[in-house]
Amino acid sequence: MSDTLQKEEQIKASINAAFRSAKVSIQRKGRIIVEFRGGILPAFASYLKEYLNFKHLSMISGVDWPEDNQFELVYHLWSYEQSIHVMVKVRLDREAAKTKTLTPLWEHAETYEREIHEMLGVEFEGHPNMRDFILEDWDDLPPMRRDFMTREYVDEVYEWRKGREDAQDVRQTIAEQYNTEVPNFNNEDK
Amino acid sequence: MKEDWGKEAGNIIARWARKHSLWVLAYGTGCGAIEIPPTMTSRYDAERFGITGMATPRQADVLLITGYLAVKTLKRVIRTYEQMQSPKYVMGFGSCTINGGMYWDSYNTIKRLDDYLPVDIFINGCMPRPEGVIDGFIELQKLIDSGQANGWKKYQDNLEWYRTNQKKVIKNWKMPDYNW
Amino acid sequence: MSAILQEKETTLYLGPQHPGITGNMMIELKVTGDTIRKATTHVGYLHRGFEKLMEERLWMQCFPIVCRICVPEPDPNEENLARAIEELEGREVPERAKYIRVMMLELSRMATYLLWMGGQSGSAGLYTMPQWTVGDRDYIIDLFEELTGGRVYHMYIWPGGVRRDLPEGFEGRVRKVLDYLEQRLTDYDRLLFENAIFLRRAQGVGILDKDMAMEWGVVGPPLRGCGIAHDVRKDEPYEVYDQLDWEVITHEGSDVYSRAMVRRKEFEQSISIVRQVLDKMPSGPVHNPGPNPLKWRVPAGEAYVKTESARGEFGYYVVSDGSLKPRRVHVRGPAYVHGVSLLERMLVGANIADTSFIMNSLGTCPPEIER
Amino acid sequence: MKNIKGALVPFSALKYLGKKPHTVRYPFEKKKTAERYRGFHFNEIEVCIGCGTCSTICQNEAIDMIKIEGVEPGRGDSGLRPRIDNGRCCWCGLCVDMCPTGSLSLTDQYLHTSPDPDSYLLIPGVDNPEMKENISFTKSDTEPLLQFDRVPMRELDGAERVKSFAEVVLGYMQEEARAEATRCVDCGLCVTACPDHMHIPEYIGAIAEADDAKALKYIYDNNPLPEMCGKVCTRQCETVCAIGHLGEPIAIRWLKRYATEQFPDPAAILNPKIAEPNGKKVGIVGGGPAGLSAGYYLALRGFDVNIYEALPRMGGMTFAGIPKYRFPLDSLDKQIDYMKKVGVKMHNNVRVGKDITFDKIRNDNDAVFIGIGFHVPYTLGLTGEDLENSIQAIDFLRRVNIGETVDVGKKVVVIGGGNVAIDAARVSRRLGAEVTILYRRRVEDMPADWEEIEGAEDEGVHIVPQGIPLEIIGENGKVKSIKYGMAEMVPDDKGGRPRPKLIEGDEHILEVDTVIGAIGQEADYSFLPKEIMDELKIERGRVVVNELKQTSIPDIFAGGDNVNRTMDAISAIADGVRAVEGISHYLLDE
């Protein structure tokens, strides 16, 4: 297995040599994960693009981690020459999520950043065209945040068709048949 | 007496003409639009019934709501609908127009189409098959023939109610008033 | 055209209700005369918040959702999510299921290309072609219906394999449809690909610079139409593509015509791939069952998987936190770049009439842009 | 100009003018849908058990479970049936693939066009019975979504087992238990069959979630003897398990056993809240499962509880009647110790009626609970039964369990086919004898658990079905041999199960050292004073009680084998739990 991961190991070594703070791990053949503190992200991205030939920006994902009070941005880069996919992960503070735009490096990063701005509420400094993307007149929390509850929102804004109120919960029905109650130990402190 | 008879005959002829030339507004509002090309082209050939696509709202008779409507689309659809000339008919296409369908817990799609637009006929399915679409048109033709397809009148009569519902979800209501 | 019109800049809204727009989206054009000076895309008319909805659903319940992300071609989505979950779980897929998956993916590629041929020629005013291709596409849809039980949304590829084995005599019927479509290709050639009107409209129109294509992350037929041989099926072979005999198809020219020719040749190639798959398909089980879907936890981790769809690389980034529901499923639709920022760039300088022509050649598909 | 050919090419389409069109001329001619087409739902109401799995898996919440006319709730049936909201359904068919019984299917019907949006609710099978003919998409046998195979339980090897009284079943390891618990679909139908209505889906769910402590809390909520149940319960729950309709039921008993085995001291996990003493006293006659359950929950509610037991240990029949290889002593002790911690006062070796009078107990306490069980065996009614070495299984098991040495000789015959008979046979095997079981009917008619029968066969017990003992032949006052005749099964005239009929002349004689009878037991009410016996309503050996286990004498409650017919530990526990309600109601007016 070690010989097949040779390319990955090389890239790992180069990244480690150039950027000490980057934590590089090889997930499997063709997949490298780089965890990064942020800050010098554009420099790192341009290093990947220009020196290591990761020319293709597949996408930028935003993942919400409210338990860590952080947003995670994942930049997916692909190198056609080496057939390797790198995921560069940057964690941002959830309260003041702000990072530098990558549009100077990849112009189409514009769309991804617009979407993340809209869906998570991350600010991209230096973005040329930060207007509405998908949503229109949205005044609630950014919808992809985990604390935005879509079912509650729907209950509030929309109405259901009547005629289904007689639905019963099977477990509760059975409990009632025997005049018992099901205790709830789910929320007890352990 | 004679005048009434003449009027009635006129109505019958008008309905007959209407039901045999249903021009559908080519607006693929939702994912149901994918079954419209097979319906309209050689395999199912809905043109046999005088059903054909039309590019502009003002010349169209039928507004096909092909599935879910995002709130953003709803705004455009209302505007489109109001630009259409009476008599006009709305077809709700698929489960998601009836009670939310697949998208029942989505924050961005409406759940009950008939709250916002007068729907003359609902077609079941997700997707409805082309047969279902044709069946919907045949049913609509029957309704037109019997004079029951009068959703456009309902819309005019209950405009206030529809507007309230529409404005509840469309937060920024900046639209010209059409509905002539 | 009068001089006044040529100088005065007008704003023109194409869509969302416009027959030339591929799907429900809008392009705001600033034009002088017939020439586009600036184009701004507006999307979001089809936004359903699927990525949010998937966070609220069990893993199994995500499958009916993902196939609705790209309406004309649902199978790469199912394939992607299934493969992402298999990667996270380390679940093996039976060999036969892999072949069936490839067959599904190639058939759906062909169906999409047929629909595209209809759209592309329709936007050039050739209305016979859609009548033929969309009609012929229905034979593939019939195959899907027989195999999966659904015409459009198949819900067929799922973790651990595929949902059902092939019905009896299915291979023969697939071959029959392939033979028919192969023979129809000559008709399509004569009607569209060699048609003078089409050639005049397509050649030299919608030029996508080669370097720009690489730079902008263009994928699929538009990239291969620039003469660059990249295809996920070769770059990172999945399922059994590395065991089949096929080549990446490219076409020099970088214009609408070359993109069309790439698709046309790939259509032919897909026929050959499906035939190979049918020849080589082993017998055996088609599903490696997993845990009860109601209590199914996917191990914590993340996976990025990609599939070559008819419009290019479909990527899924799936994050699991070890719970019953996905933490995040992020979808990279191939049209995401083509349909928004690239289109804005490519339309500058084009004719108004070419807008939908160029859009079609890029394969813009709004539902996967906004999901 | 060079493309002039191209300009003419479209006209080549003219060649199709004469061809047959490929148009589907719907509605004049219908195209047949595929064999697997996913159209409207159909549900076989008779097969459906109302488990609601379809409703749980539906990602659109399109399926409601509703009460419908003509379907009554019962054992293993919630009485609910699904209703589909076609305004939600997306026809993915997950509900069909998840249906544990295979009753739900999809049909090839798909047309429903109506101006009325409220007409899209469908109760499959009720609204569309005619669609039975149109079923197209059904559950697959080869590509299942649910797991139908049970995680196998590790056991001692048959040859190894007979050497000692070591526990046969080894119990699930953590991963095995998780895997097994994951198979559950949380329907709760098992609760309908459990006499005690334990919170089965909840504790299985907790095990699947890797929260064994929570599982234990759910278990102890209405069963204070779960370790015993986890080992020897008759597990009626498993007979109605939804998964059991097409596969092997969830191993509910083994999961309960797993949960209880994780914690050597339940008190540390449960932290039971014991109410302030309320000044009321309850005396309990008999320390079996019924008495212990009643005692435990009464103590939790602040009652002063005294249990009087004739045997040296608590546990009643579970101590005296169940062999140690099924239910080891330390398991029992663990539970008894926990109960003592809660404050239940226990008095062993006190036989009511002999060491203490019933009247005294009744006078000292505000209420009395009788849970004496069935400890007096039925006699075989054969000549030679009173010979030495012709013994009763129940006495035999008790003596072995108390620790007496019992000599059964080299060859043993056990008469009967219930669990007690199998127990006696397997214990005899462990004492070194060759064992034969004589049973009147066929093996499949045996009332014993199939697992027990298999276990016995593994251990080398020889079963003679359709063998009717005729006479025990003695020599010097000791058993020498037994004569039995073979029987054939004849249909019952009254419509009952087939009954055995002796075949004339087909008689055999078996040399034996010991004959063990195991054909049933009854209660011994001799400890009750005559005036109470007169007042107490007893029918066919069982005390008659009301819903809250109150007898015809208001301050006397009863439960266990001497009350109910099912004669198993879990029913006795259920009686105890119900009696707590009754006693609280009677004494505290709650």
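Residues numbered from 1 in each chain as written. Chains lettered and ligands numbered in written order. Predicted model: local features only at pLDDT ≥ 70, side-chain atom pairs only at ≥ 80, totals over all residues. Heavy atoms only, no water.

Draft legend 1. Structural detail: the overall build of chain D. Looking only at helices and strands, chain D features 21 helices and 24 strands. Seen along its three principal axes, the alpha-carbon backbone of chain D occupies a region of about 125 × 70 × 45 Å. Looking at chain D residue by residue over its 590 residues, the buried ones come to 60%. Taking all contacts inside chain D whose residues are at least 6 apart in sequence as the whole, residues at least 24 apart take part in 71%. (Helix = DSSP H or I, 4+ residues; strand = E, 2+ residues; numbered from the N terminus. Buried < 20%, exposed > 50% of the residue type's maximum accessible area, 1.4 Å probe, protein only. Contact = heavy atoms within 4.5 Å.)

Draft legend 2. Geometry of the interface of chain A and chain D. Taken together, the contacts link 24 residues of chain A with 35 residues of chain D. For the pair chain A and chain D, the summed buried area comes to about 2,500 Å², and 51% of that belongs to carbon and sulfur atoms. Area buried by chain A at its contact with chain D is led by R164, R171 and F185 of chain A, which between them contribute 28% of it. The partner of D166 of chain A in a salt bridge is R83 of chain D, with the nearest N and O atoms 2.9 Å apart. Inspection of the chain A/chain D interface yields 9 residue pairs in polar contact (both at pLDDT 80 or more). Looking at the side of chain A that touches chain D, its residues break down into 8 nonpolar, 7 polar and 9 charged. (Buried area = accessible area lost by both parts, 1.4 Å probe. Salt bridge = Lys/Arg side-chain N within 4 Å of Asp/Glu carboxyl O. Polar contact = N/O pair within 3.5 Å; in protein donor to acceptor, adjacent residues only side chain to side chain. Nonpolar A, V, L, I, M, F, W, Y, C, P; charged D, E, K, R; others polar.)

Draft legend 3. Main features of the domain arrangement of chain D. Residue and element names in this part refer to chain D. Considered domain by domain, chain D is made up of domain 1 (41-137), domain 2 (158-269), domain 3 (275-375 + 528-541 + 552-588) and domain 4 (377-521). Distance from the C-alpha centre of domain 2 to the C-alpha centre of domain 4: 32 Å. At the interface, 9 residues of domain 2 touch 12 residues of domain 4. Interface area, domain 2 with domain 4, both sides summed: about 900 Å², of which 48% is carbon and sulfur. Interface area lost by domain 2 to domain 4 is led by R161, V162 and F165, which between them contribute 58%. (Domains from an automatic or database assignment.)

Draft legend 4. Just the pattern of salt bridges, in detail. Following the criterion strictly, the structure yields 109 salt bridges over all chains and no others. Among the salt bridges present, the one from R43 of chain B reaches D142 of chain C, with a minimum N-O distance of 3.2 Å. Linking R43 of chain B in the loop between α2 (36-40) and β2 (52-54) with D142 of chain C in helix α6 (residues 128-148), this pair reaches from one chain into another. Within the structure, one salt-bridge network assembled from shared partners comprises E155, R161, R326, D423, R426, R430, E452, D458 and E459 of chain D.

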